[in-house]
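# Observations on the model geometry
Here are the chains, one letter per residue:
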Amino acid sequence: MFPSEVTDFFKTQKTPFYYYDLDVLNATLSEIKKHGISKGFRVHFALKANNQPKILKMIKKAGMGADCVSGGEIQRAIDTGFTPDEIAFAGVGKSDEEMELGLQHDIFCFNCESPQELEVLNELAGKSEKKARIALRLNPNVEANTHKYITTGLSENKFGINASDLDKVLEKLPELENLELIGIHFHIGSQIEKFTPFEELCRKANALNDHIEDKGFKLSVINVGGGFGINYAHPNDNSVPDFERFFGLFEKGIKLKDHQQLHFELGRSVVGQCGSLITKVLFTKYGQTKNFAIVDAGMTELIRPALYQAAHRIDVLTSSKARKEYDVVGPICESSDTFRKDISIPEVERGDLIAIRSAGAYGEVMRSAYNLREANPTVYSDEVK
Ligand SMILES: *Cc1c(COP(=O)(O)O)cnc(C)c1O
């Protein structure tokens, strides 16, 4: 968990706040280097998981590129040192302004998700006298077996170009003369814990790769996206995901042609385990059937439990009393503002500090100002003194 000097430092900070353990991040990055980047794969970091400049700079330094889903993220990537040739731009609804920003910087690749998007991008590229490199995001119809809100690779999802539209798109492409097709792109969902969906993705990707190359296109980029899950139940024992197995699966499963390179876009698995939300118990309430620990963080700081029924591990940092069952809840006037129900933790009292673990991905980035709540400064492990 946290050494006592870290907990003591937390006591001097205004809660709730996000805390990032940079040792965990560094350990994660070195595994990605060892099993991914050093094998010749290109690994992009999905900024939507976390966009703290300090974290992005470390990720950039480790040799990763940037996967952006908005103009704001493209700008953030550039501001934190990523060069345009390391930036990919994905998203089902890119605005004209966002596409123009990407064109203006001549980014590495636009991952395009619909026939109409291709036409609009072609037109905008023509206007700015640029040629846009594109990858087609294909919907491989793979069931990721994850929460329905983060499944993205089924035909019924809004993402990507369906197989039935692919040939029409390929026929049309030569007319879109300001676009250069350089690859294909997939992303089947997030927090995928089993390896079978990835194996199925490999089979589908290989077939589509062959199909498109047989039509005379040369694809240099085979991008299999991200989605690798983390262990929310046991973050201490699994602080770094098994990247050897993950990259190894694709190394074996994807049949690259000589001119092709394998690309990844990882978000959660890079930053999830390095972050915690530190919060203070405001009140305890002991009812007839339930006990409540009311903390000063809410769904405004971490929305994953409310949005995806996510269960984050909860560690009590300042109590080692006998355990009791609590619902750990936030202060927001919504019943979904609950971090965990019926969880057994050491008995807490007003003022105790709690860490909500594995909050480095899709945590701080989704913070909202609902209820006009103010954001407290982020704390990094290298600032603890
Ligand atoms: C969100 C997203 C990712 C990253 O997903 P993780 O599950 O965080 O690894 C990668 N690619 C695309 C297109 C995405 O939308």
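Residues numbered from 1 in each chain as written. Predicted model: local features only at pLDDT ≥ 70, side-chain atom pairs only at ≥ 80, totals over all residues. Heavy atoms only, no water.

## Considerations on the overall build of the protein
- Looking only at helices and strands, the protein has 11 helices and 17 strands in total.
- Whereas a compact globule of 385 residues would reach a radius of gyration of roughly 21 Å, the protein reaches 22 Å, a difference of no more than 12%.
- By its C-alpha atoms, the protein is 70 × 40 × 40 Å across when sized along the principal axes.
- Taken across its 385 residues, the protein has 56% of its residues classed as buried.
- Partitioning the intrachain contacts of the protein with sequence separation of at least 6 by distance along the chain shows that 73% fall at a separation of at least 24.
- Approximately 16800 Å² of the protein is accessible, and the part contributed by carbon and sulfur atoms is 47%.
- Within the protein, the 55 negative side-chain charges are centred at a point lying 4 Å from the centre of the 47 positive side-chain charges. (Helix = DSSP H or I, 4+ residues; strand = E, 2+ residues; numbered from the N terminus. Rg over C-alpha atoms; globule rule 2.2 N^0.38 Å. Buried < 20%, exposed > 50% of the residue type's maximum accessible area, 1.4 Å probe, protein only. Contact = heavy atoms within 4.5 Å. Areas by Shrake-Rupley, 256 points an atom, 1.4 Å probe, with all protein chains shown as cover. Lys, Arg positive; Asp, Glu negative; His and termini not counted. Charge placed at Lys NZ, Arg CZ, Asp CG, Glu CD.)

## Considerations on the nonpolar core
- Core analysis: the biggest nonpolar cluster contains 97 residues, and Phe110, Ile134, Leu136, Phe250, Phe264, Val270 and Val271 have the highest contact counts within it.
- Per-element tally for this core: the top contributor is helix H8 (residues 196-214), with 6 residues.
- Looking at which domains feed residues into this core, each of domain 1 (4-16 + 273-383) and domain 2 (22-270) supplies at least three.
- Once residues within four sequence positions are removed from consideration, Val271 is found in contact with Leu25, Phe45, Ala49, Asn50, Ile55, Ile59, Gly360 and Ala361.
- Grouped together as the second largest cluster of nonpolar side chains are 12 residues, Phe2, Val6, Phe17 and Leu353 included. (Core = buried A, V, L, I, M, F, W, Y, C linked by side-chain atoms within 4.5 Å. Domains from an automatic or database assignment.)

## Observations concerning the side chain of Asn111
- Considering the arrangement of structural elements, one finds Asn111 in strand S5 (residues 109-112).
- In this structure Asn111 comes out as buried when scored by relative accessible area, which is 2%.
- Those residues within four positions of Asn111 in sequence are excluded, and the remaining contacts are Asp67, Ala88, Phe89, Ala90, Gly91, Lys94, Glu117, Ala135, His185, Asn223 and Glu265.

## Regarding the pattern of salt bridges
- Counted according to the given criterion, the structure contains 20 salt bridges.
- A salt bridge links Lys54 to Asp382; the nearest nitrogen and oxygen atoms lie 3.0 Å apart. Separated by 328 residues along the polypeptide, Lys54 in helix H3 (residues 53-61) and Asp382 in the segment after strand S17 (379-380) bring together distant segments of the chain.
- Owing to a relative accessible area of 28%, Lys54 belongs among the partly exposed residues under this scheme.
- The closest approach of N and O atoms between Asp315 and Arg313, which form a salt bridge, is 2.8 Å. (Salt bridge = Lys/Arg side-chain N within 4 Å of Asp/Glu carboxyl O.)

## As for the environment of Asn162
- Relative to the helices and strands, Asn162 is located in strand S7 (residues 161-162).
- Residues Asn162 and Phe198 lie 36 residues apart in sequence; the distance between their C-alpha atoms is 18 Å.
- In terms of polar contacts, Asn162 uses its side chain to reach the side chain of Asn139, at 3.5 Å. (Polar contact = N/O pair within 3.5 Å; in protein donor to acceptor, adjacent residues only side chain to side chain.)

## Quick look at the pairing of strand S14 (residues 323-329)
- Bridge analysis of strand S12 (residues 291-295) against S14 gives 3 bridges, and the strand direction is parallel. Bridging across to S14, Phe292 finds its partner in Asp327.
- Where S14 lies against strand S15 (residues 338-346), 6 bridges are found, and the strand directions are antiparallel. Counted as the bridge partner of Val329 is Thr338 from S15. (Pairing = 2+ DSSP bridges.)

## Some remarks on the site of the ligand
- In the vicinity of the ligand there are 14 residues, among which Lys48, Ser190, Glu265, Arg268 and Tyr362 approach most closely.
- One nitrogen or oxygen atom from the main chain of Gly227 is found 2.9 Å from an oxygen atom belonging to the ligand.
- Bound to the protein, the ligand loses 94% of the 380 Å² it would expose on its own.
- A per-class count over the shell around the ligand returns 3 nonpolar, 6 polar and 5 charged. (Near = heavy atom within 4 Å. Nonpolar A, V, L, I, M, F, W, Y, C, P; charged D, E, K, R; others polar.)

## Regarding the domain arrangement of the protein
- What the domain assignment reports for the protein is domain 1 (4-16 + 273-383) and domain 2 (22-270).
- Computed from C-alpha coordinates alone, the two centres of domain 1 and domain 2 are separated by 33 Å.
- Contact residues are listed per partner, giving 21 residues for domain 1 and 25 residues for domain 2.
- Together, the buried faces of domain 1 and domain 2 total about 2200 Å²; carbon and sulfur atoms form 53% of this surface.
- It is Gln273, Tyr362 and Tyr380 that lose the most area in domain 1 upon contact with domain 2, and together they represent 33% of the buried surface on that side.
- Seen at the junction of domain 1 and domain 2, the total is 1 salt bridge.
- Taken together, domain 1 and domain 2 are joined by 10 residue pairs in polar contact (both at pLDDT 80 or more).
- Looking at the side of domain 1 that touches domain 2, the element that brings in the most residues is helix H11 (residues 304-308), giving 3 residues.
- A breakdown of the residues in the side of domain 1 that touches domain 2 according to their chemical character gives 8 nonpolar, 7 polar and 6 charged. (Buried area = accessible area lost by both parts, 1.4 Å probe.)

## Some remarks on the packing of aromatic side chains
- Applying the stated criterion across every chain yields a total of 22 aromatic pairs.
- Centroid distance Phe89 to Phe110: 6.0 Å. Interplanar angle 50°. Geometry classified as tilted. Note that Phe89 is positioned in strand S4 (residues 87-89) and Phe110 in strand S5, a separation of 21 residues in sequence. The pair formed by Phe89 and Phe110 is uniform in burial state, with each residue classed as buried.
- With a centroid separation of 5.7 Å and an interplanar angle of 55°, the aromatic rings of Phe246 and Phe264 are classed as tilted. With a gap of 18 residues between them, Phe246 in helix H9 (residues 243-253) and Phe264 in strand S10 (residues 261-266) connect regions that are remote in the sequence.
- Overall, Phe246 belongs to the buried group, its relative accessible area being 1%.
- Taken together, the ring pairs connect Phe41, Phe195, Phe198, Phe228, Phe243, Phe246, Phe247, Phe250 and Phe264 into an aromatic cluster. (Phe/Tyr/Trp six-rings, centres within 6.5 Å; stacked < 30°, edge-to-face > 60°.)

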